[in-house]
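A look at the structure
Listed here are the chains, written in short residue letters.
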Amino acid sequence: MLYYPQMLSLADNFLVYDGESVNPRFSVTKHVNVLNTKSLAYVSTVGSSKNRNKRNVIFEIQGSYAQKSCMVYDDKHRCVAEIRRKEAKGGVALGGDVFALVVQPSIDPAIAMFLVIVLDQMFDSSRRFSK
């Protein structure tokens, strides 16, 4: 899968493609409403080339990416994936970039991991401002 940020957008928006396909598979949009602070991003299908504006939300990501504590919910609000800090055994301290991704059978693990990559691009301020 490949992703490209959309530059002409007020919110962070990434289009995700299957390999070298010309049509995006889905879009990931950063949530910017200050009234609903639980939502981080929405994953939507992208309409056909004739109707690009028609989008259907298929996943909602809630939680805190900075704390690596996120849940991915499907369109029926069932948890299909979870990002959580990896717990150390024997008192060993693990860094903030060490986490576990728990994936339910109802979501493709490749899509779940790809959502982590996009979230990292959206919310990792150290990479964003280092250039």
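An account of the accompanying structure is given in this report. Note that the structure is predicted; figures quoted are calculated from it, not measured.

1. Looking at the overall build of the chain
Across its full length, the chain holds two helices and eight strands. When the helices and strands of the chain are listed from N to C terminus, the series reads β-β-β-β-β-β-β-β-α-α. In the chain, 25% of the contacts between residues at least 6 apart in sequence involve partners at least 24 apart. Total accessible area on the chain is roughly 8600 Å²; 53% of this is exposed by carbon and sulfur atoms.

2. Describing unusual backbone geometry
Even without being a glycine, Lys 68 presents a positive backbone phi close to 50 degrees. Of note, Lys 68 is situated in the loop between β5 (55–64) and β6 (69–74). The backbone phi angle of His 77 is positive, close to 60 degrees, even though this residue is not glycine. Note that His 77 resides in the loop between β6 and β7 (79–85). Among the residues examined, His 77 registers a relative accessible area of 46% and is labelled partly exposed.

3. Section: the packing of aromatic side chains
Enumeration according to the criterion identifies one aromatic pair in this entry. Here the aromatic rings of Tyr 65 and Phe 123 are separated by 6.4 Å at their centres, their planes lie at 35 degrees, and the arrangement is tilted. Of this pair, Tyr 65 sits in the loop between β5 and β6 while Phe 123 sits in helix α1 (residues 109–123), and the two are 58 residues apart along the sequence. When its relative accessible area of 26% is taken as the criterion, Phe 123 is described as partly exposed.

4. What to know about α1
With 15 residues, α1 ought to run about 21 Å at 1.5 Å a step, and its terminal C-alpha atoms sit 21 Å apart, in line with that. Along α1, the residues classified as buried are Ile 111, Ala 112, Phe 114, Leu 115, Val 116, Val 118, Leu 119, Asp 120 and Met 122. The N-cap residue of α1 is Asp 108: its side-chain oxygen and the backbone nitrogen of Ala 110 are 3.1 Å apart.

5. Quick look at the nonpolar core
Generally speaking, a soluble globular protein has its nonpolar side chains buried in company with each other. Within the largest apolar cluster, 24 residues are counted, with the highest numbers of intra-cluster contacts made by Phe 26, Val 28, Val 43, Phe 59, Ile 61, Val 72 and Leu 115. Of all the elements in the fold, those that place two or more residues in this core are β2 (13–17), β3 (26–30), β4 (39–46), β5, β6, β7 and α1. With eight residues, the top contributor of residues to this core is α1. The contact partners of Leu 115, leaving out residues within four places of it in the chain, are Phe 26, Val 28, Val 43 and Val 72.

Thresholds applied
Residues numbered from 1 in each chain as written. Predicted model: local features only at pLDDT ≥ 70, side-chain atom pairs only at ≥ 80, totals over all residues. Heavy atoms only, no water. Helix = DSSP H or I, 4+ residues; strand = E, 2+ residues; numbered from the N terminus. Contact = heavy atoms within 4.5 Å. Areas by Shrake-Rupley, 256 points an atom, 1.4 Å probe, with all protein chains shown as cover. Buried < 20%, exposed > 50% of the residue type's maximum accessible area, 1.4 Å probe, protein only. Phe/Tyr/Trp six-rings, centres within 6.5 Å; stacked < 30°, edge-to-face > 60°. Expected span 1.5 Å × (residues − 1). Polar contact = N/O pair within 3.5 Å; in protein donor to acceptor, adjacent residues only side chain to side chain. Core = buried A, V, L, I, M, F, W, Y, C linked by side-chain atoms within 4.5 Å.

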